[in-house]
Each structure stands twice: as structure tokens, then as C-alpha cells.
Amino acid sequence: MNPCHVHPSISIAVVPFLLSRQQPHVLLSRSSTSLSLLRIGVGELDVTLTHYADRFLGRTLGLTISPLTQCGADQDLSQHPPAIDICYYGFTTSQFINGDDLVWTPLYHLLPEEDHRHAETRLDEASDRINQGGGVASSEVSRYDLGLIATALAAIRHSLDRRPVIEEIEPEAFTLSYLQHRTEMLLGVRLHTQNFRRKLLDSGYLEPIDIAVNQTLGRPALLYRVRKHQG
């Protein structure tokens, strides 16, 4: 076969996110010299690409991911033949333990310019345990993969702007303060509390539960859940 007519290989790049208390983490694959996104080559399909990626995450890595969303497609010209990546992202609550080949990596260590909440991000103890292997520099990830991660993050932020609730990653019940913190973590900005709550409550996305939880300071906070059926 004439190498000039070799078709580009197609792969699925997946960006699983895990929400810590301080910042999102992404699961990357570690080689001897670098980190990269999780990828799977596309073979003969008997399902959609989304289900194909979901099978890979479930069967190979044991991760249960919320519904995957296609966040962009790009072409890696550095490979021969070039690889056409179809990129997906999803959220997981799995407490996946770091192995030799996989590591949960703090998102804003990779993309520090995307976090405008404060001048310096300090990882909490839970994040430190997730990232036992030590700090990860963005230079360990290719510019191409960093671009795909940034694309996934942009898609999440756009979704939050249109619909301020990501119900697939929230517990059944939550306080507005909890939801605001999660939203700030993903947007990388601080939000005005009164405006955030007014927008949420006026949107009709939430409904209150007649249960309140005690807080360290102040009066008990009302619990909410995502409204299942909206008119």
C-alpha cells in the first residue's frame, strides 16, 4: 500500500473529571516521561462512539462516569499517520486509586491561567491523597492534550452558563452554598452569593426539600434537589 494513501487513525480521547473540595482533577495516563489523556482506538463499532468510550472506562478502568459529552474534535499532526481525536468528557465520583500508569492530576496545576478564584491554590488534604505522586507540571503534558483539556473545560463552563446545575454530578440533596462552591470550582471565579442564589431560584431548576441541615455558624440551611420535571 502506498503510504501516501494511509488513512488517518481515529481515537477517542476521554477527560474524566473528579471534583475535590478545592479544584477539579483529571485522570491522565503516565508514561516514563510524560502524561497524556486516556485514549482508545476506534475499531469496528456496534454501538455509538459515546457508548464505545463508556465501555472503555467501565470495563478497562472500572470507572462509572456520568453521561459523556463530546466537547470537540481535533487532529494531532505529530503522529504518523495523524490521529483524529474525538474528545469526550464526563464526571465520576469514583475514588479511583492512583496506579503506576494512571494519576489524578489537579486541573488548575495544568491550566493555572483558568483559575481566578485566588492568587495561589492550596490543595486540601483529600487532594493531596489523590495526588500522592507529588506535584505535576503542565510541561509534562503535551500542548495538544492541554488544548483538549481546555476545550472540555470550556464546554463545561458554557453548559453552566446556560443551565446552572449539573444534576448528574450532584447528590440527591444539597445546600445552595454547596452548589455555589462546586460551580465556582468549575468556573474558576468567585460568584456573588445573592445573585447566584437569585438566578438559581428564579430559574425553576431547583425545588426545596422540607429538611434543613445544621451549619457551624448561622441558621440551618435548607436542602434543595434538581426538579425532575419542568414545564
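Note: the structure precedes this text.
Predicted model only: the values in this text are computed from it and were never measured.

Q: Mind showing me how you'd approach the overall build of the protein chain here?
A: Counting its secondary structure elements, the protein chain contains 6 helices and 9 strands. For the protein chain, buried positions account for 41% of its 231 residues. For the protein chain, the share of sequence-separated contacts (at least 6 apart) that also reach a separation of at least 24 residues comes to 67%. About 13,000 Å² of surface is accessible on the protein chain, with carbon and sulfur atoms providing 51% of the total.

Q: Please explain the pairing of strand β1 (residues 9–19) as it appears in this structure.
A: Residues in a regular strand project their side chains so that they alternate between the two faces of the sheet. The buried fraction of β1 is high, at 9 of 11 residues. Two elements, β1 and strand β6 (residues 83–91), share 9 bridges in a ladder whose sense is parallel. The residue of β6 that forms the bridge with Phe17 is Phe91. Pairing of β1 with strand β4 (residues 38–41), which is carried by 4 bridges, proceeds in the antiparallel orientation. Looking across to β4, one finds that Ser11 is bridged to Gly41.

Q: Would you mind going over the packing of helix α4 (residues 143–162) against helix α5 (residues 176–187) with me for this structure?
A: Helix packing geometry: the angle between the two helix axes and the distance between the axes. Contact geometry for α4 and α5: axes closest at 9 Å, N-to-C directions at 140°. It follows from the interaxial angle that α4 and α5 lie oblique. The chirality of how α4 crosses α5 is left-handed. Counting all contacts with α4, which are made through Leu153, Ile156, Arg157 and Leu160, the residues of α5 involved are Thr183, Leu186 and Leu187.

Q: Whenever I open this one, the side chain of Arg182 confuses me. Can you help?
A: When you line up the elements, Arg182 lands in helix α5. Contacts of Arg182, omitting those with residues within four sequence positions, involve Leu19, Ile169 and Glu170.

Rules used throughout
- Residues numbered from 1 in each chain as written.
- Predicted model: local features only at pLDDT ≥ 70, side-chain atom pairs only at ≥ 80, totals over all residues.
- Heavy atoms only, no water.
- Helix = DSSP H or I, 4+ residues; strand = E, 2+ residues; numbered from the N terminus.
- Buried < 20%, exposed > 50% of the residue type's maximum accessible area, 1.4 Å probe, protein only.
- Contact = heavy atoms within 4.5 Å.
- Areas by Shrake-Rupley, 256 points an atom, 1.4 Å probe, with all protein chains shown as cover.
- Pairing = 2+ DSSP bridges.
- Axes fitted to C-alpha atoms, helices over the stretch in contact; angles between N-to-C directions.
- Parallel < 35°, antiparallel > 145°, perpendicular 65-115°, else oblique.
- Left-handed = near helix turned anticlockwise from the far one by under 90°.

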